Amino acid sequence: RQCIITIDHAYHGHTLATLDVSPYKHHQGTEIIECPAYVKKVPYPDMYRGVHSNCKDETEASEQYSAYVEDACKEITSNGDSVSAMLMEGGMSVAGVILPPKSYISQCVRAVRNAGGLYIADEVQTGFGRLGKCMWAFQYSNIDSDVDDDTVVLPDIVTVGKPFGNGMPLAAVITTPKVASAFESLGVEYFNTFAGSPVCCAAGLAMLHVLSKYELQKNALEVGNLLRELFSEVKSRHGWIGDIRGSGFFLGIELVRNQNTLEPATEETSFVCSALKETYRVLTSIDGFHENVIVVKPPMVFTKEDAVEFVTSFEKCLTDLPAIDKLHQLEKTPT
(Lines give C-alpha, C1' and ligand atoms only; values in the text may rest on other atoms or scores of the structure.)
Protein backbone atom coordinates (compact mmCIF):
# COMPACT_ATOMS: atom_id res chain seq x y z
CA ARG A 1 0.00 0.00 0.00
CA GLN A 2 1.22 3.49 -0.90
CA CYS A 3 0.78 6.03 1.89
CA ILE A 4 0.90 9.80 1.99
CA ILE A 5 1.76 12.12 4.88
CA THR A 6 -0.29 15.23 5.50
CA ILE A 7 -0.33 17.94 8.17
CA ASP A 8 -3.17 18.32 10.66
CA HIS A 9 -5.53 21.24 9.83
CA ALA A 10 -4.24 21.28 6.25
CA TYR A 11 -6.54 22.09 3.35
CA HIS A 12 -5.75 21.07 -0.22
CA GLY A 13 -9.01 21.10 -2.18
CA HIS A 14 -12.49 19.68 -2.75
CA THR A 15 -11.93 16.63 -4.94
CA LEU A 16 -12.26 13.28 -3.18
CA ALA A 17 -8.50 12.74 -3.37
CA THR A 18 -7.61 16.14 -1.90
CA LEU A 19 -10.32 15.84 0.76
CA ASP A 20 -8.60 12.67 1.96
CA VAL A 21 -5.49 14.73 2.77
CA SER A 22 -7.34 17.78 4.15
CA PRO A 23 -7.86 17.24 7.91
CA TYR A 24 -9.32 20.75 8.16
CA LYS A 25 -12.41 19.45 6.37
CA HIS A 26 -12.61 16.40 8.60
CA HIS A 27 -12.83 18.60 11.70
CA GLN A 28 -15.77 20.41 10.14
CA GLY A 29 -17.54 17.60 8.33
CA THR A 30 -20.08 14.94 9.26
CA GLU A 31 -19.52 12.29 6.58
CA ILE A 32 -15.73 12.44 6.22
CA ILE A 33 -14.52 12.79 9.79
CA GLU A 34 -10.98 11.42 9.58
CA CYS A 35 -8.21 10.61 7.15
CA PRO A 36 -8.41 7.21 5.45
CA ALA A 37 -5.94 4.53 6.47
CA TYR A 38 -3.45 5.29 3.69
CA VAL A 39 -3.04 8.89 4.94
CA LYS A 40 -0.82 9.55 7.94
CA LYS A 41 -1.54 12.82 9.75
CA VAL A 42 1.11 14.65 11.76
CA PRO A 43 0.73 17.70 14.06
CA TYR A 44 0.93 21.10 12.43
CA PRO A 45 4.03 23.14 13.39
CA ASP A 46 2.31 25.84 15.46
CA MET A 47 4.76 27.59 17.77
CA TYR A 48 2.06 29.66 19.52
CA ARG A 49 -0.48 27.13 20.78
CA GLY A 50 0.64 23.84 19.23
CA VAL A 51 1.75 20.66 21.00
CA HIS A 52 5.30 22.06 21.22
CA SER A 53 4.53 25.71 21.86
CA ASN A 54 6.95 25.68 24.80
CA CYS A 55 10.05 25.28 22.62
CA LYS A 56 12.78 27.79 23.36
CA ASP A 57 13.49 28.61 19.70
CA GLU A 58 12.74 27.66 16.10
CA THR A 59 15.55 25.11 16.00
CA GLU A 60 14.06 23.11 18.84
CA ALA A 61 10.56 23.46 17.36
CA SER A 62 11.81 22.16 13.99
CA GLU A 63 13.35 19.12 15.63
CA GLN A 64 10.24 18.38 17.71
CA TYR A 65 7.71 18.75 14.90
CA SER A 66 9.76 17.10 12.14
CA ALA A 67 10.19 14.05 14.41
CA TYR A 68 6.53 13.23 13.78
CA VAL A 69 7.21 12.97 10.05
CA GLU A 70 10.25 10.79 10.69
CA ASP A 71 8.14 8.52 12.92
CA ALA A 72 5.36 8.38 10.31
CA CYS A 73 7.85 7.25 7.67
CA LYS A 74 9.16 4.53 10.01
CA GLU A 75 5.65 3.36 10.87
CA ILE A 76 4.62 3.16 7.23
CA THR A 77 7.66 1.19 6.09
CA SER A 78 7.68 -1.10 9.15
CA ASN A 79 4.17 -2.20 8.17
CA GLY A 80 5.38 -3.20 4.73
CA ASP A 81 3.84 -0.17 3.05
CA SER A 82 5.64 2.55 1.10
CA VAL A 83 5.83 6.31 1.50
CA SER A 84 4.57 7.89 -1.70
CA ALA A 85 4.70 11.57 -0.72
CA MET A 86 4.35 14.30 1.85
CA LEU A 87 1.93 17.05 0.88
CA MET A 88 2.32 20.41 2.60
CA GLU A 89 1.39 24.07 2.32
CA GLY A 90 4.46 26.25 2.80
CA GLY A 91 2.17 28.60 4.69
CA MET A 92 -0.93 27.05 6.24
CA SER A 93 -3.79 29.52 5.89
CA VAL A 94 -6.87 27.70 7.20
CA ALA A 95 -4.80 26.38 10.11
CA GLY A 96 -4.45 29.99 11.25
CA VAL A 97 -1.59 31.38 9.13
CA ILE A 98 1.13 29.00 10.26
CA LEU A 99 4.62 29.41 8.82
CA PRO A 100 6.81 26.44 9.79
CA PRO A 101 9.93 27.06 11.89
CA LYS A 102 13.21 27.29 10.06
CA SER A 103 14.63 23.99 8.78
CA TYR A 104 11.34 22.17 9.46
CA ILE A 105 10.61 21.55 5.79
CA SER A 106 14.14 20.40 4.98
CA GLN A 107 14.16 17.94 7.90
CA CYS A 108 10.75 16.55 6.92
CA VAL A 109 11.67 16.23 3.27
CA ARG A 110 14.91 14.46 4.13
CA ALA A 111 12.97 11.82 6.05
CA VAL A 112 10.37 11.42 3.30
CA ARG A 113 12.95 11.11 0.51
CA ASN A 114 15.02 8.65 2.53
CA ALA A 115 11.85 6.55 2.69
CA GLY A 116 11.40 6.81 -1.09
CA GLY A 117 8.70 9.49 -1.16
CA LEU A 118 8.20 12.80 -2.93
CA TYR A 119 7.67 16.30 -1.56
CA ILE A 120 4.56 18.05 -2.94
CA ALA A 121 4.35 21.78 -2.21
CA ASP A 122 0.88 23.35 -2.25
CA GLU A 123 1.47 26.99 -3.24
CA VAL A 124 -2.11 27.82 -4.23
CA GLN A 125 -2.57 30.46 -1.53
CA THR A 126 1.01 31.49 -0.80
CA GLY A 127 2.84 31.48 -4.12
CA PHE A 128 3.94 34.29 -6.45
CA GLY A 129 5.69 36.50 -3.92
CA ARG A 130 2.94 36.91 -1.34
CA LEU A 131 5.31 36.31 1.57
CA GLY A 132 7.55 39.14 0.38
CA LYS A 133 10.82 37.52 1.43
CA CYS A 134 10.56 34.83 -1.23
CA MET A 135 8.68 33.92 -4.37
CA TRP A 136 7.42 30.61 -2.96
CA ALA A 137 6.46 29.73 0.60
CA PHE A 138 8.51 26.50 0.52
CA GLN A 139 11.59 28.75 0.36
CA TYR A 140 10.67 30.69 3.49
CA SER A 141 12.11 28.37 6.13
CA ASN A 142 15.56 28.66 4.56
CA ILE A 143 15.58 32.47 4.54
CA ASP A 144 18.07 33.92 7.05
CA SER A 145 18.90 30.47 8.40
CA ASP A 146 22.30 28.78 8.58
CA VAL A 147 21.88 26.37 5.72
CA ASP A 148 24.13 25.45 2.83
CA ASP A 149 23.15 24.63 -0.73
CA ASP A 150 22.90 20.91 0.10
CA THR A 151 20.08 21.49 2.58
CA VAL A 152 18.01 23.89 0.47
CA VAL A 153 15.01 21.86 -0.60
CA LEU A 154 13.22 22.01 -3.94
CA PRO A 155 9.86 20.22 -4.21
CA ASP A 156 9.28 17.35 -6.59
CA ILE A 157 5.83 18.74 -7.44
CA VAL A 158 4.43 22.27 -6.97
CA THR A 159 0.77 23.22 -7.37
CA VAL A 160 -0.26 26.81 -8.08
CA GLY A 161 -3.70 28.28 -8.62
CA LYS A 162 -5.84 31.29 -7.76
CA PRO A 163 -3.29 34.14 -7.90
CA PHE A 164 -1.88 32.83 -11.19
CA GLY A 165 -4.81 34.18 -13.19
CA ASN A 166 -5.57 37.15 -10.92
CA GLY A 167 -9.27 36.28 -10.99
CA MET A 168 -9.26 34.24 -14.17
CA PRO A 169 -9.48 30.45 -13.68
CA LEU A 170 -5.90 29.29 -14.09
CA ALA A 171 -3.83 26.69 -12.28
CA ALA A 172 -0.70 24.68 -12.95
CA VAL A 173 1.28 21.68 -11.79
CA ILE A 174 5.05 22.11 -11.97
CA THR A 175 7.24 19.04 -11.69
CA THR A 176 10.50 17.44 -12.71
CA PRO A 177 11.14 15.50 -15.93
CA LYS A 178 11.60 12.36 -13.81
CA VAL A 179 8.17 12.66 -12.20
CA ALA A 180 6.52 13.61 -15.50
CA SER A 181 8.06 10.60 -17.24
CA ALA A 182 6.93 8.29 -14.45
CA PHE A 183 3.38 9.59 -14.79
CA GLU A 184 3.46 9.19 -18.56
CA SER A 185 4.68 5.61 -18.23
CA LEU A 186 1.50 4.73 -16.34
CA GLY A 187 -0.37 5.00 -19.63
CA VAL A 188 -3.08 7.20 -18.14
CA GLU A 189 -3.50 9.93 -20.73
CA TYR A 190 -4.42 13.16 -18.96
CA PHE A 191 -6.76 15.62 -20.62
CA ASN A 192 -9.09 18.34 -19.40
CA THR A 193 -11.99 19.78 -21.37
CA PHE A 194 -11.49 23.24 -19.91
CA ALA A 195 -7.69 23.31 -19.87
CA GLY A 196 -5.45 25.39 -22.08
CA SER A 197 -7.72 28.40 -22.48
CA PRO A 198 -5.66 31.00 -24.38
CA VAL A 199 -7.53 33.80 -22.60
CA CYS A 200 -6.67 32.47 -19.15
CA CYS A 201 -3.09 31.78 -20.19
CA ALA A 202 -2.78 35.36 -21.44
CA ALA A 203 -4.06 36.56 -18.07
CA GLY A 204 -1.40 34.45 -16.33
CA LEU A 205 1.37 35.88 -18.48
CA ALA A 206 0.07 39.40 -17.83
CA MET A 207 0.07 38.73 -14.08
CA LEU A 208 3.68 37.55 -14.17
CA HIS A 209 4.64 40.63 -16.19
CA VAL A 210 2.96 43.05 -13.75
CA LEU A 211 4.35 41.17 -10.73
CA SER A 212 7.87 41.70 -12.06
CA LYS A 213 7.53 45.16 -13.63
CA TYR A 214 6.00 46.79 -10.55
CA GLU A 215 8.07 44.82 -8.03
CA LEU A 216 5.00 43.58 -6.19
CA GLN A 217 6.93 41.00 -4.18
CA LYS A 218 9.05 43.85 -2.80
CA ASN A 219 5.86 45.79 -2.10
CA ALA A 220 4.45 42.83 -0.17
CA LEU A 221 7.58 42.73 1.98
CA GLU A 222 7.72 46.48 2.71
CA VAL A 223 4.00 47.04 3.31
CA GLY A 224 3.76 43.72 5.14
CA ASN A 225 6.50 44.84 7.53
CA LEU A 226 4.58 48.06 8.12
CA LEU A 227 1.42 46.10 8.86
CA ARG A 228 3.27 44.03 11.47
CA GLU A 229 4.63 47.19 13.09
CA LEU A 230 1.19 48.80 13.18
CA PHE A 231 -0.43 45.68 14.62
CA SER A 232 2.31 45.47 17.25
CA GLU A 233 1.48 49.00 18.32
CA VAL A 234 -2.20 48.05 18.59
CA LYS A 235 -1.25 44.98 20.62
CA SER A 236 0.57 47.18 23.14
CA ARG A 237 -2.64 49.14 23.69
CA HIS A 238 -5.16 46.27 23.71
CA GLY A 239 -5.21 42.90 25.42
CA TRP A 240 -7.14 41.17 22.66
CA ILE A 241 -4.18 40.37 20.40
CA GLY A 242 -2.35 37.21 21.41
CA ASP A 243 -0.08 36.70 18.43
CA ILE A 244 0.95 38.44 15.22
CA ARG A 245 2.55 36.10 12.72
CA GLY A 246 3.31 35.57 9.07
CA SER A 247 5.26 37.44 6.44
CA GLY A 248 4.52 39.99 3.74
CA PHE A 249 0.88 39.88 2.71
CA PHE A 250 0.27 36.59 4.51
CA LEU A 251 -0.42 37.61 8.11
CA GLY A 252 -2.48 36.21 10.95
CA ILE A 253 -3.74 38.19 13.94
CA GLU A 254 -4.83 35.77 16.66
CA LEU A 255 -7.33 37.19 19.14
CA VAL A 256 -7.52 35.85 22.69
CA ARG A 257 -9.47 36.72 25.83
CA ASN A 258 -6.48 36.11 28.04
CA GLN A 259 -2.86 36.39 26.94
CA ASN A 260 -1.73 33.93 29.61
CA THR A 261 -4.29 31.14 29.15
CA LEU A 262 -4.67 31.85 25.41
CA GLU A 263 -8.44 31.41 25.66
CA PRO A 264 -9.65 31.90 22.05
CA ALA A 265 -11.73 35.02 21.40
CA THR A 266 -13.87 33.28 18.80
CA GLU A 267 -17.03 35.41 19.06
CA GLU A 268 -14.98 38.60 19.29
CA THR A 269 -13.06 37.66 16.15
CA SER A 270 -16.32 37.12 14.29
CA PHE A 271 -17.54 40.55 15.41
CA VAL A 272 -14.32 42.27 14.30
CA CYS A 273 -14.45 40.61 10.87
CA SER A 274 -18.10 41.64 10.40
CA ALA A 275 -17.56 45.19 11.67
CA LEU A 276 -14.59 45.68 9.35
CA LYS A 277 -16.78 44.73 6.41
CA GLU A 278 -20.02 46.47 7.38
CA THR A 279 -18.66 49.66 8.93
CA TYR A 280 -15.29 50.23 7.27
CA ARG A 281 -15.68 48.30 4.00
CA VAL A 282 -12.59 46.23 4.69
CA LEU A 283 -12.65 42.55 3.74
CA THR A 284 -10.79 40.03 5.86
CA SER A 285 -11.40 36.38 6.68
CA ILE A 286 -11.25 34.10 9.71
CA ASP A 287 -9.24 30.91 10.06
CA GLY A 288 -7.62 28.74 12.69
CA PHE A 289 -8.85 25.69 14.59
CA HIS A 290 -10.67 27.95 17.08
CA GLU A 291 -11.78 30.41 14.37
CA ASN A 292 -10.06 33.26 16.18
CA VAL A 293 -7.44 34.34 13.65
CA ILE A 294 -8.04 37.36 11.42
CA VAL A 295 -6.34 36.54 8.13
CA VAL A 296 -4.69 39.44 6.32
CA LYS A 297 -4.09 38.62 2.65
CA PRO A 298 -4.57 41.88 0.75
CA PRO A 299 -4.02 42.39 -2.98
CA MET A 300 -0.38 42.62 -3.95
CA VAL A 301 -0.87 46.30 -4.87
CA PHE A 302 -1.87 47.18 -1.29
CA THR A 303 -0.18 50.45 -0.30
CA LYS A 304 1.21 51.88 2.93
CA GLU A 305 -1.75 54.27 3.01
CA ASP A 306 -4.09 51.29 2.73
CA ALA A 307 -2.25 49.60 5.59
CA VAL A 308 -2.67 52.59 7.90
CA GLU A 309 -6.37 52.89 7.09
CA PHE A 310 -6.92 49.16 7.64
CA VAL A 311 -5.16 48.93 11.01
CA THR A 312 -6.84 52.14 12.20
CA SER A 313 -10.22 50.58 11.39
CA PHE A 314 -9.17 47.33 13.06
CA GLU A 315 -8.29 49.14 16.29
CA LYS A 316 -11.62 50.93 16.29
CA CYS A 317 -13.33 47.54 16.16
CA LEU A 318 -11.31 46.35 19.16
CA THR A 319 -12.24 49.51 21.04
CA ASP A 320 -15.92 48.80 20.40
CA LEU A 321 -15.76 45.23 21.71
CA PRO A 322 -16.48 45.88 25.43
CA ALA A 323 -19.66 47.77 24.54
CA ILE A 324 -21.17 44.89 22.53
CA ASP A 325 -23.98 43.30 24.52
CA LYS A 326 -24.64 39.57 24.21
CA LEU A 327 -21.67 39.07 21.92
CA HIS A 328 -22.04 35.28 22.08
CA GLN A 329 -25.50 35.54 20.51
CA LEU A 330 -24.24 37.20 17.34
CA GLU A 331 -24.31 35.10 14.19
CA LYS A 332 -21.02 33.60 13.08
CA THR A 333 -19.27 35.54 10.36
CA PRO A 334 -19.12 33.40 7.21
CA THR A 335 -15.76 33.62 5.43
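Just above sits the structure.
All figures in this text were calculated on a predicted structure; none of them were measured in a lab. (Residues numbered from 1 in each chain as written. Predicted model: local features only at pLDDT ≥ 70, side-chain atom pairs only at ≥ 80, totals over all residues. Heavy atoms only, no water.)

## Looking at the overall build of the protein
Worth spelling out the cut-off: We count a stretch as a helix when DSSP gives it H or I for four or more residues in a row; a strand needs E for two or more, and each element gets its number in order from the N terminus. Only the C-alpha atoms count toward the radius of gyration. The rule for a globule is 2.2 Å times the residue count to the power 0.38. Throughout, a residue-residue contact means that at least one pair of heavy atoms, one from each residue, lies within 4.5 Å.
Looking only at helices and strands, the protein has nine helices and 10 strands in total. By the compact-globule yardstick of 20 Å for 335 residues, the protein fits well, its C-alpha radius of gyration being 21 Å. Dimensions along the principal axes, computed over C-alpha positions, put the protein at roughly 65 × 45 × 45 Å. A separation of at least 24 residues holds for 65% of the contacts in the protein among residues at least 6 apart in sequence.

## Side note on the pairing of strand 10 (residues 293-296)
Condition: Relative accessibility decides the category of a residue: with a 1.4 Å probe and only protein chains considered, values under 20% of the type maximum give buried, values over 50% give exposed, and everything between is partly exposed. One bridge is not enough; two strands pair if DSSP finds at least two bridges between them.
Side chains Val293 and Val295 of strand 10 all project onto a buried face; the interleaved residues Ile294 and Val296 project onto the opposite face, where all are buried too. Where strand 8 (residues 250-255) and strand 10 come together, four bridges link them in antiparallel fashion. In the sheet register, Glu254 faces strand 10, and the bridge partner there is Val293. Inspection of the sheet shows strand 9 (residues 285-287) paired to strand 10 by three bridges, in the antiparallel sense. Among the inter-strand pairings, Ser285 is bridged to a residue of strand 10, identified as Val295. Connecting strand 9 to the antiparallel partner strand 10 that follows it, the hairpin turn spans five residues, and Gly288 within it adopts a positive phi of roughly 100°.

## With respect to the nonpolar core
Under the convention used in this document: Among buried residues, the Ala, Val, Leu, Ile, Met, Phe, Trp, Tyr and Cys ones that are joined through side-chain atoms within 4.5 Å form a nonpolar core.
Residues Ile5, Leu227, Val272 and Phe314 are the most contacted members of the largest nonpolar core, which totals 71 residues. Ranked by the residues each element gives to this core, the list is headed by helix 7 (residues 216-237), at eight residues. Dropping the residues within four chain positions of it, Leu227 is found in contact with Phe249, Leu251, Val296, Phe302, Ala307, Phe310 and Val311. Listed in part, the nine residues of the second largest apolar core include Ile4, Ala85, Ile120 and Ile157.

## Structural notes on the pattern of salt bridges
Note the cut-off: The salt bridge criterion pairs a side-chain nitrogen of Lys or Arg with a carboxyl oxygen of Asp or Glu, the two atoms within 4 Å.
This structure, assessed with the given rule, holds 13 salt bridges. Of the charged contacts, one joins Asp81 and Arg1 as a salt bridge, the two residues approaching to 3.1 Å between their closest N and O atoms. Within this pair, whereas Asp81 is found in the loop between helix 3 (58-78) and strand 3 (82-89), its partner Arg1 is found in the segment before strand 1 (2-7), the two being separated by 80 residues in sequence.

## What to know about the side chain of Ser22
Put simply, the rule is: Nitrogen and oxygen atoms within 3.5 Å of one another constitute a polar contact, given that in protein one can donate a hydrogen and the other can accept it, and given that sequence-neighbouring residues count only through two side-chain atoms.
Within the element layout of this structure, Ser22 appears in the loop between helix 1 (16-20) and helix 2 (23-28). Relative accessible area serves as the criterion here: at 0%, Ser22 is assigned to the buried category. At 2.8 Å, the side chain of Ser22 and the backbone nitrogen of His12 are in polar contact. Leaving out residues up to four positions away in the same chain, Ser22 has contacts with Ala10, Tyr11, His12 and Gly13.

## Some thoughts on a nonpolar patch on the surface
Applied cut-off: Here the term patch refers to residues with relative accessible area over 30% and no salt bridge, with like charges joined within 9 Å and nonpolar side chains (Val, Leu, Ile, Met, Phe, Trp, Tyr) within 5 Å. Only the protein chains shown count as cover for residues, with accessible areas throughout obtained via the Shrake-Rupley method and a probe of 1.4 Å.
Taken together, the side chains of Phe183, Leu186, Val188 and Tyr190 make up a nonpolar region of the molecular surface, amounting to roughly 470 Å² of accessible area. Within the secondary structure, Phe183 sits in helix 5 (residues 177-185). Note on Phe183: relative accessible area 42%, which makes it partly exposed.

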